[in-house]
Amino acid sequence: MPRNPSRPPRPDHIVNFEGVRWLKKHQRNRKSRKRKTAAPIAEAGAPASKTEATGAVATPVASAVPTTAAEALAEGEVAKKVVKAKHSKNVFQGIAHIMATFNNTVVSITDLKGKVIGWSSAGRVGFKGSRKSTAYAAQLVAQDAARQGMAHGLKEIEVWVKGPGTGREAAIRALQAIGLEITVIKDVTPVPHNGCRPPKRRRV
């Protein structure tokens, strides 16, 4: 339909009546937002201006970040303190089953009947891939499992070791270092008497 020549042309940004309403509402919202944000900024700026006026020097707050290695280690020990479990089983003696393979290390803490009260593995501690088979991973695994056992009141353990992995000795040392008393160390690695045919030899 051709435009009436007597009527002046409308601006490009106002398309119809709905567009005009939306534009006015949008402008109102922007104004109210500006008012809201201006008040907190003024409040926040007030203390700074006071200090500038008085000329007082702000005292630095002591940082909670440890400055020396000894402090950092002490902080780590406090953070990993053994807390008694909610449903504590009150197990004083138990068995630590260490399964050390070429790819992983798994430590399970049980009572004398064999019921598991805590366990850990290299994957659970946070290692991936080839790092799971390292002695350091085995050390952290043993510590994690021992903390779970100690939360149930564990103090004395027998250690049963299975498998040829590199984490055997590291896991035993970690259990001793964390404060558990080791009474027996037993090797329970299964030995075949020419039973099953072994897997074919690796070509490296």
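Residues numbered from 1 in each chain as written. Predicted model: local features only at pLDDT ≥ 70, side-chain atom pairs only at ≥ 80, totals over all residues. Heavy atoms only, no water.

Before we go on, may I ask you to explain the environment of Val91 in this structure?
Positionally, Val91 belongs in the loop between helix 2 (69-79) and strand 1 (93-100). The exposure class of Val91 is buried, given its relative accessible area of 11%. Each C-alpha atom of the pair Val91 and Lys155 lies 8.2 Å from the other, and the pair is 64 residues apart in sequence. Ignoring anything within four residues of it in the chain, the contact list for Val91 reads Asp111, Ile117, His152, Gly153 and Leu154. (Helix = DSSP H or I, 4+ residues; strand = E, 2+ residues; numbered from the N terminus. Buried < 20%, exposed > 50% of the residue type's maximum accessible area, 1.4 Å probe, protein only. Contact = heavy atoms within 4.5 Å.)

Please clarify how unusual backbone geometry should be interpreted in this entry.
Where the residue is not glycine, phi is negative for most of them; where a peptide bond is considered, it is trans in most cases. Even without being a glycine, Asn194 presents a positive backbone phi close to 55 degrees. Inspection of the secondary structure puts Asn194 in the segment after strand 5 (181-187).

Looking at this structure, how should I read the pattern of salt bridges?
Two side chains with opposite charge may pair up if their charged atoms get near one another. In this structure the tally under the stated criterion is 1 salt bridge. The residue Asp187 makes a salt bridge to Arg168 at a minimum N-O spacing of 3.0 Å. Note that Asp187 is positioned in strand 5 and Arg168 in helix 5 (residues 168-177), a separation of 19 residues in sequence. The exposure class of Asp187 is partly exposed, given its relative accessible area of 48%. (Salt bridge = Lys/Arg side-chain N within 4 Å of Asp/Glu carboxyl O.)

Which parts of the structure should I look at to understand the nonpolar core?
A general feature of soluble globular proteins is that nonpolar side chains tend to end up buried together. Core analysis: the biggest nonpolar cluster contains 22 residues, and Ile98, Val107, Ile109, Ile157, Val159 and Leu175 have the highest contact counts within it. With 5 residues, the top contributor of residues to this core is helix 4 (residues 135-150). (Core = buried A, V, L, I, M, F, W, Y, C linked by side-chain atoms within 4.5 Å.)

For this particular structure, what's the right way to read the sheet that holds strand 3 (residues 116-121)?
Sheet strands pair via backbone hydrogen bonds, and the direction of the pair is either parallel or antiparallel. What the 5 strands build is an open sheet, ordered 3-2-1-4-5; its pairing is mixed. Looking at which strands have only one partner, the edges of the open sheet turn out to be strand 3 and strand 5. Each neighbouring strand pair of the sheet contributes to a mean axis angle of 15 degrees, computed without reference to strand direction. Across 7 bridges, strand 1 lies against strand 4 (residues 156-162) in parallel orientation. (Pairing = 2+ DSSP bridges. Axes fitted to C-alpha atoms, helices over the stretch in contact; angles between N-to-C directions.)

Even after reading the chapter, I still don't get the packing of helix 4 against helix 5, so can you show me in this structure?
The description of two helices packed together rests on the angle between their axes and the distance between the axes. For the pair helix 4 and helix 5, the least separation of the axes is 8 Å and the interaxial angle reads 40 degrees. Here helix 4 and helix 5 pass one another in a crossing that is right-handed. Packed against helix 4, whose contacting residues are Ala135, Ala138, Gln139, Ala142, Gln143 and Ala146, the element helix 5 presents Ala170, Ala171, Ala174 and Leu175 at the interface. Here the contact of helix 4 with helix 5 is composed, by residue class, of 8 nonpolar, 2 polar and no charged. (Left-handed = near helix turned anticlockwise from the far one by under 90°. Nonpolar A, V, L, I, M, F, W, Y, C, P; charged D, E, K, R; others polar.)

Looking at this model, I keep getting lost on a positive patch on the surface. Mind explaining?
Together, Arg30, Lys31, Arg33, Lys34, Arg35 and Lys36 give the surface a local cluster of positive charge. With respect to the element layout, Arg30 can be found in helix 1 (residues 17-54). You can call Arg30 partly exposed: its relative accessible area is 45%. (Patch = residues over 30% accessible without salt bridge, like charges linked within 9 Å, V, L, I, M, F, W, Y side chains within 5 Å. Areas by Shrake-Rupley, 256 points an atom, 1.4 Å probe, with all protein chains shown as cover. Lys, Arg positive; Asp, Glu negative; His and termini not counted. Charge placed at Lys NZ, Arg CZ, Asp CG, Glu CD.)

When you look at the pairing of strand 3 in this model, what are you seeing that I'm missing?
On a regular strand, one side chain projects to one face of the sheet and the next to the other, so that they alternate. Here strand 2 (residues 105-111) runs beside strand 3; their pairing, made up of 5 bridges, is antiparallel. Considered in strand 3, the bridge of Val106 is made with Ser121.

Could you clarify how one ought to interpret helix 4 in this entry?
Along an α-helix, residues three or four apart share an orientation, since each turn contains 3.6 residues. Here helix 4 spans 22 Å end to end across 16 residues, near enough to the 22 Å set by a 1.5 Å rise per residue. Buried residues along helix 4 sit in contact with strand 2, strand 3, helix 3 (122-125) and helix 5. (Expected span 1.5 Å × (residues − 1).)

Just to check I follow, could you spell out the packing of aromatic side chains for this structure?
For any pair of aromatic rings, the description rests on two quantities: the centre-to-centre distance and the angle between the ring planes. Inspection of every chain in the model, using the stated rule, returns 1 aromatic pair. Taking the centre distance of 6.0 Å and the plane angle of 85 degrees together, the rings of Phe127 and Tyr136 count as edge-to-face. A relative accessible area of 16% means that Phe127 is categorised as buried. Residue Tyr136 is classed as partly exposed on the basis of its relative accessible area, which comes to 49%. (Phe/Tyr/Trp six-rings, centres within 6.5 Å; stacked < 30°, edge-to-face > 60°.)

Can you help me understand the side chain of Thr110 in this one?
Position of Thr110 relative to the elements: it lies in strand 2. Separated by 3.3 Å, the side chains of Thr110 and His97 make a polar contact. If we skip the residues at most four places from it in the chain, Thr110 touches Gly94, Ile95, His97, Lys115, Val116 and Ile117. (Polar contact = N/O pair within 3.5 Å; in protein donor to acceptor, adjacent residues only side chain to side chain.)

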